[in-house]
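So you can see what is in the structure, the chains are spelled out below.
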Amino acid sequence: MSRPKPNILVTGTPGVGKTTFCEALAGSAQLEHLEVSKMVRERRLYKEWDDELDCSIFDEEMVYDALEPLLEAGGCLVDFHSSAFLDEGLLDLVVVLRAETSTLYDRLERRHYPESKVKQNVEAEIFQTCLDEAREAFEETDMTILELPNDNEEHMQEALERVQEFVRSYQPG
Ligand code: ADP
Ligand code: MN
Ligand code: MN
């Protein structure tokens, strides 16, 4: 499907810096930032609740249906920790941000996450859960998956330049 501007998924473990990155990229590349976890909360795109972690479990179909019409127009930055429920036909690039264990630990502590949630997310990052999910979701496609470190300001600038270059050289069709 032809889109005037590309759609980019920015994924990774909570705390790797997706939202910060997307805000910077949305401004500089003139893309629309879709903060999916916020959409899930505000539009109640869930049917289940995780009592242990005290958070919602997003509903794949509800989230897909909310995103599809927006992505059809192109030029969207999808900011979300999950990717398996999305279609390669809706996306042009997948970016997986990564952070070192100690970096992520500090960021999540600063967020005042409960210890169990900090631990669960740090483990998910160590086991590269989000990266593997994206690789599996798009393994039979020619989707480019960029795994980029995001531990500090310098990393973020490099990642921004890389993705800005992708947006500049994007050819519709
Ligand atoms: P996510 O959306 O993936 O959960 P956030 O963008 O909310 O992550 O970032 C988590 C925390 O890490 C925030 O306090 C943010 O300021 C910080 N942060 C994000 N990116 C960087 C970076 N490149 N260097 C230093 N701190 C960062
Ligand atoms: Mn976020
Ligand atoms: Mn598919």
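Model, not experiment: these values are computed from the prediction. Residue positions are given per chain, counting from 1 as you read along its sequence in written order. Chain letters and ligand numbers both follow the written order, the letters beginning at A and the numbers at 1. Only residues with pLDDT of at least 70 are given local features in this predicted model, and only at 80 or more are side-chain atom pairs given and counted; all residues enter the totals for whole chains, interfaces and linings. In computing side-chain properties, one takes all heavy atoms of the structure into account and sets aside hydrogens as well as water.

Draft legend 1. Structural view of the site of ligand 1. Think of it this way: one heavy atom of a residue within 4 Å of a molecule or strand is enough to make that residue near it. Taken together, 15 residues are adjacent to ligand 1, and Gly15, Lys18, Thr20, Arg111 and Asn150 come closest. N or O atoms closer than or at 3.5 Å make up a polar contact, with two conditions inside protein: a donor-capable atom paired with an acceptor-capable one, and, for residues adjacent in sequence, both atoms drawn from side chains. Glycine 15 is positioned with one of its backbone polar atoms (N or O) 2.8 Å from an oxygen atom of ligand 1. Here arginine 111 contributes a side-chain N or O atom positioned 2.7 Å from an oxygen atom of ligand 1. Using a 1.4 Å probe, the Shrake-Rupley method yields the accessible areas, and only the shown protein chains count as cover for residues. Protein coverage of the free-state accessible area of ligand 1, which is 560 Å², stands at 73%. At the level of elements, α1 (18–29) and α7 (153–169) are the ones that each hand at least two residues to the shell around ligand 1. Where helices and strands are cited, they refer to DSSP runs of H or I of at least four residues and of E of at least two residues respectively, numbered from the N terminus. Counting residues per element, the shell around ligand 1 draws most heavily on α1, which supplies three residues. Just so you know the grouping, Ala, Val, Leu, Ile, Met, Phe, Trp, Tyr, Cys and Pro go in nonpolar, Asp, Glu, Lys and Arg go in charged, and all remaining residues, Gly too, go in polar. Counted by class, the shell around ligand 1 contains three nonpolar, seven polar and five charged residues.

Draft legend 2. Spotlight on the sheet that holds strand β1 (residues 8–11). The parallel open sheet is built from five strands, whose spatial order is β2-β5-β1-β6-β7. Two strands close off the open sheet at either side, each with one partner strand: β2 (32–35) and β7 (145–149). Averaged over all pairs of adjacent strands, the angle between strand axes in this sheet comes to 20°, irrespective of strand direction. In what follows, a contact means two residues having at least one pair of non-hydrogen atoms within 4.5 Å. Note on geometry: axes are lines fitted to C-alpha atoms, helical ones only across the stretch in contact, with angles between N-to-C directions running from 0 to 180 degrees. α7 rests against β1, β6 (93–98) and β7 of the sheet, and its axis sits at about 160° to β7. In this analysis, strands are considered paired if DSSP registers two or more bridges between them.

Draft legend 3. Fine view of the UniProt feature "binding site: ATP" (unreviewed entry) in the protein chain. In this structure's numbering, the residues bearing the UniProt feature "binding site: ATP" (unreviewed entry) are Gly15, Gly17, Lys18, Thr19, Thr20 and Arg111. In this structure, glycine 15 sits in the loop between β1 and α1. Those residues within four positions of glycine 15 in sequence are excluded, and the remaining contacts are Leu104, Arg107, Leu108 and Arg111. By secondary structure assignment, the location of threonine 19 is in helix α1. Throughout, exposure labels follow a simple rule: accessible area from a 1.4 Å probe, protein chains only, divided by the maximum for the residue type, with under 20% read as buried, over 50% as exposed, and the rest as partly exposed. Under the relative-accessibility criterion, threonine 19 is labelled partly exposed at 25%. When sequence neighbours within four positions are dropped, the list of residues in contact with threonine 19 reads His33, Glu35 and Asp79. UniProt positions are given in the numbering used here, feature names are shortened, and annotations may be inferred rather than shown by experiment.

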